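Chain residues, written in single-letter form:
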Amino acid sequence: MNGETFYEWMEGVLPRLKENCVIIMDNASYHSVKLDKAPTSQTRKGDIIKWLEDKGEVIDRPMCIPQLLQIVKRIKPQHQKYVIDELAKKHNRNILRLPPYHCELNPIELAWSSVKNYVRMNNKTYKLHDVKNVLIEGVKRVDADMWKNFISHTKKEEDKFWEIDFVVDEVLSAELESVTLTIGDTSSDDSLGTESDYFF
């Protein structure tokens, strides 16, 4: 699979989907072909400057490549567009990208796991033709009820992440409130310093 083949496949699929539907997509490279690639350390300095200026950045003093790339890093998220996302928008469909390395938030992973397990348990001859037939049987087993269960399981995983996120926020907030840093000379016991000596 590559970006071009996936794009052609999506062109055929998108008109068949309901308007305003949400397509969950992982971060496979062929899903993530960028419309306007940001410069890297391998990019010529003149091309980095042009990319930045095209995005409205003013480069009014001499800068070396690492300095320019710091600006690229800062503004890149605002300008990051994917070819597939733009194609979906033309058809009034929406792409929801999963966070990297979080396959547990994608119900299709549970479906593939079920199919692969079926093939593993029922592959008796190890001949390609027979494996293909067992694979087709495994795919057909994933019915509407199984899919609902996969979705339900994924939602529970998502809820766990939300809960953990709130717990982390609470812990960090509590720790920040209890931390006081003192700046300056604190060698004198009778001097507690001024309010400007402390960060809360």
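Here's what I pulled together on the structure shown here. What you see is a predicted model; the values in this text were computed from it and never measured.

Calculation notes
Residues numbered from 1 in each chain as written. Predicted model: local features only at pLDDT ≥ 70, side-chain atom pairs only at ≥ 80, totals over all residues. Heavy atoms only, no water. Phe/Tyr/Trp six-rings, centres within 6.5 Å; stacked < 30°, edge-to-face > 60°. Lys NZ or Arg CZ within 6 Å of the ring centre and 35° of its normal. Core = buried A, V, L, I, M, F, W, Y, C linked by side-chain atoms within 4.5 Å. Buried < 20%, exposed > 50% of the residue type's maximum accessible area, 1.4 Å probe, protein only. Helix = DSSP H or I, 4+ residues; strand = E, 2+ residues; numbered from the N terminus. Contact = heavy atoms within 4.5 Å.

### Re the packing of aromatic side chains
Across all of its chains, the model carries three aromatic pairs by this definition. By way of ring pairs, the aromatic residues Phe6, Trp9 and Tyr30 are connected into one cluster. Against the face of Tyr82 rests Arg97, its NZ or CZ located 3.8 Å from the ring centre.

### Topic: the nonpolar core
The tendency in soluble globular proteins is for nonpolar side chains to be buried side by side. Ala38, Ile48, Trp51, Leu52, Ile59, Met63, Leu68, Leu69, Ile71, Val72 and Ile75 form the largest nonpolar core, which has 11 residues in total. Of all the elements in the fold, those that place two or more residues in this core are helix H2 (45–54) and helix H3 (65–79). Of all the elements, H3 adds the most residues to this core, at five residues. Residues contacting Ala38, with those up to four places away along its chain left out, are Trp51, Val72 and Lys76.

### Observations regarding the environment of Asn149
Take Asn149: it is sitting in helix H7 (residues 144–178). Its relative accessible area of 53% is what places Asn149 among the exposed residues. A C-alpha to C-alpha distance of 10.0 Å links Asn149 and Ala111, two positions 38 residues apart in sequence.

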